[in-house]
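# Close look at the chain arrangement
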Amino acid sequence: MKVHTEYLTFNTSQQYEMVHITSQVEAIVRRSGIDDGICFVSPMHITAAIYVNDNEDGLIEDISTWLEKLAPRWPGYKHHRTGEDNADAHLKALLLHHETTLPITHGRLDLGTWQRIFYAEFDGQRSKRVIVKVMGKEKD
Amino acid sequence: MKVHTEYLTFNTSQQYEMVHITSQVEAIVRRSGIDDGICFVSPMHITAAIYVNDNEDGLIEDISTWLEKLAPRWPGYKHHRTGEDNADAHLKALLLHHETTLPITHGRLDLGTWQRIFYAEFDGQRSKRVIVKVMGKEKD
Amino acid sequence: MKVHTEYLTFNTSQQYEMVHITSQVEAIVRRSGIDDGICFVSPMHITAAIYVNDNEDGLIEDISTWLEKLAPRWPGYKHHRTGEDNADAHLKALLLHHETTLPITHGRLDLGTWQRIFYAEFDGQRSKRVIVKVMGKEKD
């Protein structure tokens, strides 16, 4: 049984941004040498999330619009009494669930045809880290 | 340490349907021979989800109504410019989080009295796959 | 490879309550002796959830208000025909996703500076259990 850990860093040019990271996660799985197991992916921040869905521009825009509707930017959040102005980013991250787990079979991410991994940034324009931990069996 | 993988296939008669799958997942855990560990369950599609909650008809209807309110079927989504008409199914799947992990203790799913596993289909009437990966220790 | 399981019990004084549990989960990770792996945390109930976010009172209030807006307490849910009155608690738990997985590196939870673990109770004032399962490699 083996565990392999790497950290990715993102510094988005926009405050809100969806970054397609499937190939970066796949490269980590390959480097791990793990043949059968799981891959855990999570931001180390509370204003970002990981989600799995389609890499289609219209849908990405729909997801962003939908998150804004359900967890809108708004000055009146109680969290803002601390001087922060990003309470909506926390709520958006909660809505998507911050972390995800992915299956690995035969040394590769065992995803469906359209499943792609995204880093969802809701408070960007600064350096933020994502942990990727791969755990499982090496090839016999 | 052992990893055991199976795939389930669902082809629902309705476009939207909640399918109770606890006994199918339990059977896979039993076949895995794993005594202590975790069980990962995930659709291999981006318009379906796995959730854990009560197997009570009224509540299942409440969940469906609630999902429709928060992520409604609507012609105007940008994703539909591709010819698709199911953007709401993607949003509903995101809301429930597509995958879940379950604990295994003494060779069985270690769930509470009322915890039941559901496959939530939001774009059915076609064959769709769910991956179940069990990982952990065999009995000493 | 080792698996270590413990159960926590919560009996909140309020019906709705957010309980900060990072130190309790950290103590279990320490007792597990696991150096590198993952930690799975989940209520064994369908009216509670685990979430990871900031331990800031204003934000906790914002999260509670937001959950009430998206999944309001309301007498008309179909689930209430069974005699229950807590359908909103099920929906709130679904919204936050009931379980979470956390990374462990060098024998400790590998969380970002502000990531804290919360037990979100939506139907409290009675004894409820949370399972914590730690899985991974012991120190070489």
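In short, a report on the structure.

How each quantity is defined
- For every chain, the first residue of the written sequence is number 1, and numbering continues from 1 onward in sequence order.
- Whichever chain is written first is A, and whichever ligand is written first is 1; the rest continue in order.
- This being a predicted model, a pLDDT of at least 70 is required before a residue's local features are given, and a value of 80 or more before pairs of side-chain atoms are given or counted; all residues contribute to the totals for chains, interfaces and linings.
- Note that the side-chain values use all heavy atoms of the structure and ignore hydrogens as well as water.
- Note on classification: 1.4 Å probe, protein chains only; a residue is buried when its accessible area is under 20% of the maximum for its type, exposed when over 50%, partly exposed between these limits.
- Numbering of helices and strands starts at the N terminus; helices are DSSP runs of H or I of at least 4 residues and strands are runs of E of at least 2.
- Every residue pair with non-hydrogen atoms within 4.5 Å of one another is taken to be in contact.
- Accessible-area loss on putting two parts together, using a 1.4 Å probe and summing over both, is the definition of buried area adopted here.
- Any Lys or Arg side-chain nitrogen located within 4 Å of an Asp or Glu carboxyl oxygen qualifies as a salt bridge.
- Between N or O atoms, a polar contact is any pair within 3.5 Å; within protein, one atom must be a potential hydrogen donor and the other a potential acceptor, and residues adjacent in sequence are included only when both atoms are from side chains.
- Classification used: nonpolar for Ala, Val, Leu, Ile, Met, Phe, Trp, Tyr, Cys and Pro, charged for Asp, Glu, Lys and Arg, polar for all others including Gly.
- What makes two strands pair is DSSP finding at least two bridges between them.
- Axis lines are fitted through C-alpha atoms, for helices just across the contact stretch, and the angle between N-to-C directions can take any value from 0 to 180 degrees.
- Under the convention used throughout, the expected extent of a helix is 1.5 Å for every residue step, that is, one less than its residue count.
- Each copy is superposed on the other by least squares, with the fit set by C-alpha atoms of residues at a pLDDT of at least 70 in both.
- Only protein atoms enter the calculation, which uses a 1 Å grid: trapped sets of points that fit a 1.4 Å probe without letting it out are cavities, open sets showing protein on both sides within 12 Å along at least five of seven lines are pockets, and any residue with an atom within 4 Å of a point is a lining residue.
- Grid points are joined across faces, edges and corners, and a volume is the space filled by probe spheres set on the points.

With that settled, the discussion passes to helix α3 (residues 87-96) of chain C. Residues and elements named next belong to chain C. By the criterion of burial, α3 is predominantly enclosed, with 10 of the 10 residues buried. Listed as buried for α3 are A87, D88, A89, H90, L91, K92, A93, L94, L95 and L96. Just beyond α3, the residue with positive phi is H97, at close to 65°.

Glancing now at the interface of chain C and chain A. Think of interface size as the accessible area that goes away when the parts come together; that is how it is often given. Contact residues are listed per partner, giving 36 residues for chain C and 32 residues for chain A. A combined buried area of about 2700 Å² lies between chain C and chain A, and 64% of that area is made up of carbon and sulfur atoms. In terms of surface lost to chain A, no three residues of chain C exceed D62, W66 and Q115 of chain C, which account for 21% of the buried area on that side. Summed over the shared surface of chain C and chain A, the result is two salt bridges. If you look at where chain C meets chain A, you find 15 residue pairs in polar contact (both at pLDDT 80 or more). Among the secondary structure elements, those contributing two or more residues to the side of chain C that touches chain A are β3 (34-43), β4 (48-53), α2 (57-70), α3, β5 (100-105) and β8 (128-138) of chain C. No other element matches α2 of chain C, which puts eight residues into the side of chain C that touches chain A. Here the side of chain C that touches chain A is built from residues that sort into 16 nonpolar, 11 polar and nine charged.

Moving on, we get to the sheet that holds strand β2 (residues 17-20) of chain A. Residue and element names in this part refer to chain A. The antiparallel open sheet is built from three strands, whose spatial order is β2-β7-β4. The open sheet is flanked by β2 and β4 (48-53), the only strands paired with a single partner. Between one strand and the next, the sheet's axes are offset by a mean angle of 30°, whatever the strand orientation. Inspection of the sheet shows β4 paired to strand β7 (residues 116-121) by six bridges, in the antiparallel sense. Looking at β7, one finds that I50 is bridged to Y119. Helix α3 (residues 87-96) contacts β4 and β7 of the sheet and is inclined by roughly 35° relative to β4.

This paragraph deals with the environment of A93 of chain B. All names here are of chain B. Position of A93 relative to the elements: it lies in helix α3 (residues 87-96). A C-alpha to C-alpha distance of 12 Å links A93 and I63, two positions 30 residues apart in sequence. The residues touching A93, leaving out its near neighbours within four places in the chain, are I46, T47, A48, A49, H98 and F122.

We now examine the interface of chain C and chain B. In this assembly, 32 residues from chain C lie in contact with 36 residues from chain B. Of the roughly 2700 Å² buried at the junction of chain C and chain B (both faces included), carbon and sulfur atoms supply 64%. Of all residues in chain C, the largest losses of buried area upon contact with chain B belong to M44, I46 and L94 of chain C, amounting jointly to 22% of the total for that side. Run the count over chain C and chain B and you get 15 residue pairs in polar contact (both at pLDDT 80 or more). Of all elements in the fold, only β1 (2-10), β3, α3 and β8 of chain C reach the threshold of two or more residues within the side of chain C that touches chain B. When residues in the side of chain C that touches chain B are grouped by element, the largest group, five residues, is from α3 of chain C. Per-class residue counts for the side of chain C that touches chain B are 18 nonpolar, nine polar and five charged.

On to α2 of chain C. What sets the pattern is the α-helix's 3.6 residues per turn: residues three or four places apart point alike. An ideal rise of 1.5 Å per residue puts 20 Å on 14 residues; α2 of chain C measures up with 20 Å between its terminal C-alpha atoms. The backbone nitrogen of G58 of chain C has a side-chain oxygen 2.9 Å away, supplied by the residue at the start of α2 of chain C, namely E56 of chain C.

The subject of this paragraph is the relation of the copies chain C and chain B. Taken as rigid bodies, chain C and chain B are interconverted by a rotation of 120° and an axial shift of 0.0 Å, the fit giving an RMSD of 0.0 Å. Seen this way, the second copy is the image of the first under a three-fold rotation axis.

Before going further, it helps to spend a moment on empty space enclosed by the protein. Using the criterion set out here, one finds six cavities of 30 Å³ or more in the structure. The volume enclosed by the largest cavity comes to roughly 80 Å³. Around the largest cavity sit I50, Y51, V52, N53, L96 and Q115 of chain A together with H45, I46, A93, L94, H97 and H98 of chain B, which together line it. Broken down by secondary-structure element, the contributors of at least two residues to the lining of the largest cavity are β4 of chain A together with α3 of chain B. A total of four residues in the lining of the largest cavity trace back to one element, the largest contributor, which is β4 of chain A. Residue classes in the lining of the largest cavity are distributed as seven nonpolar, five polar and no charged.

Turning to unusual backbone geometry, a few remarks are in order. Residues and elements named next belong to chain A. Within the chain, H97 stands out as a residue other than glycine whose phi angle is a positive 65°. Take H97: it is sitting in the loop between α3 and β5 (100-105). Take H97: its relative accessible area is 4%, and that puts it in the buried class. The residue Q125 is not glycine, and still its phi comes out positive at about 65°. With respect to the helices, strands and loops of the structure, Q125 is situated in the loop between β7 and β8 (128-138).

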